[in-house]
Amino acid sequence: MVALAKRWLERAGHSVQHTADGPAALKLLQGDPLPDLLLLDVMLPKVDGFELLRRVRAAPHTQSLPVIMVTSFSRDKDAKRGRELGANDYIVKPLMELDFLKRVEHILKDQ
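A. Highlighting the layout of surface pockets. By volume, the largest pocket amounts to about 900 Å³. Lining the largest pocket are 34 residues, with Val16, Gln17, Leu37, Leu38 and Leu39 positioned closest to its centre. Sorting the residues of the lining of the largest pocket by element identifies α1 (2-11), α2 (22-28), β1 (38-41) and α5 (97-109) as the ones contributing at least two each. Here the lining of the largest pocket is built from residues that sort into 24 nonpolar, five polar and five charged.

Here's what the structure looks like:
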């Protein structure tokens, strides 16, 4: 799924960086410049997506970074938790290319 989303985003003209787990994502977010958007899966090794989002929102330099959670968890309580932690959007897999890109563009436009 990551490779597919990456291909769609790159075809749409976006530059994409991928990390394999939560700690690697946190390390990437310590750099400068920050990415324009963080796509975040709930199921990440070592640090799950909810905890990673909590840390992103707690850090002054990333607290306003747009975040879209992309996950297979479709329960309302999971989407609610993601939004309560500060996710800008919550997309449930399987991804559909046009809908996915439209939602990414919407978040990027609002920056």
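Moving on, there is more to tell.
B. Up close: the sheet that holds strand β2 (residues 67-71). Taken together, the three strands give an open sheet; going across it, the order is β1-β2-β3, and neighbouring strands pair in parallel fashion. Since the sheet does not close on itself, it has two edges, and those belong to β1 and β3 (89-92), each with one partner. Sheet twist, expressed as the mean angle between neighbouring strand axes with direction ignored, is 25°. Pairing analysis gives four bridges linking β2 to β3, with the strands arranged parallel. When the bridges of β3 are listed, Thr71 appears paired with Val92. Those strands touched by α5 are β1, β2 and β3, and its axis lies near 170° from that of β3.

C. Region of the structure containing the side chain of Asp89. Counting through the fold element by element, Asp89 comes out in strand β3. Residue contacts for Asp89: discarding those within four places in its chain leaves Val67, Ile68, Met69, Arg83, Arg103 and Ile107.

D. Quick look at the packing of aromatic side chains. Per the counting criterion, the structure on display carries one aromatic pair. Here the aromatic rings of Trp8 and Phe100 are separated by 5.9 Å at their centres, their planes lie at 55°, and the arrangement is tilted. Residue Trp8 is found in helix α1, and its partner Phe100 is found in helix α5; the two are separated by 92 residues along the sequence. Take Trp8 and Phe100: they sit in the same class, and that class is buried.

E. Highlighting the pattern of salt bridges. Overall, the coordinates contain ten salt bridges when judged by the stated rule. The shortest N-O distance in the salt bridge between Arg83 and Asp89 comes to 3.4 Å. By relative accessible area, Arg83 is classed as partly exposed at 43%. If you follow the salt bridges from partner to partner, you end up with Arg83, Asp89, Asp99 and Arg103 in one network.

F. Up close: the nonpolar core. Leu38, Leu40, Leu52, Leu53, Val56, Val67 and Met69 are the most contacted members of the largest nonpolar core, which has 17 residues in total. Looking at this core, the elements with two or more residues in it are α2, β1, α3 (49-58) and β2. Looking at which element gives the most residues to this core, the answer is α3, with four residues. When residues no more than four places from it in sequence are discounted, the contact partners of Val56 are Leu29, Leu38, Thr62, Gln63 and Val67.

G. Main features of the environment of Val70. Looking at the element boundaries, Val70 is found in strand β2. Looking at Val70, the relative accessible area reads 9%, which means it is buried. Each C-alpha atom, one on Val70 and one on Phe100, is 9.6 Å from the other, the two residues being 30 residues apart in sequence. The contact partners of Val70, leaving out residues within four places of it in the chain, are Leu39, Leu40, Asp41, Val42, Ile91, Lys93, Leu95 and Phe100.

Rules and cut-offs
- Residues numbered from 1 in each chain as written.
- Predicted model: local features only at pLDDT ≥ 70, side-chain atom pairs only at ≥ 80, totals over all residues.
- Heavy atoms only, no water.
- 1 Å grid on protein atoms, 1.4 Å probe; cavity = no way out; pocket = protein on both sides within 12 Å on 5 of 7 lines; lining within 4 Å.
- Points joined across faces, edges and corners; volume = space filled by probe spheres on them.
- Helix = DSSP H or I, 4+ residues; strand = E, 2+ residues; numbered from the N terminus.
- Nonpolar A, V, L, I, M, F, W, Y, C, P; charged D, E, K, R; others polar.
- Pairing = 2+ DSSP bridges.
- Axes fitted to C-alpha atoms, helices over the stretch in contact; angles between N-to-C directions.
- Contact = heavy atoms within 4.5 Å.
- Phe/Tyr/Trp six-rings, centres within 6.5 Å; stacked < 30°, edge-to-face > 60°.
- Buried < 20%, exposed > 50% of the residue type's maximum accessible area, 1.4 Å probe, protein only.
- Salt bridge = Lys/Arg side-chain N within 4 Å of Asp/Glu carboxyl O.
- Core = buried A, V, L, I, M, F, W, Y, C linked by side-chain atoms within 4.5 Å.

Shape descriptors only; they carry no functional weight alone.
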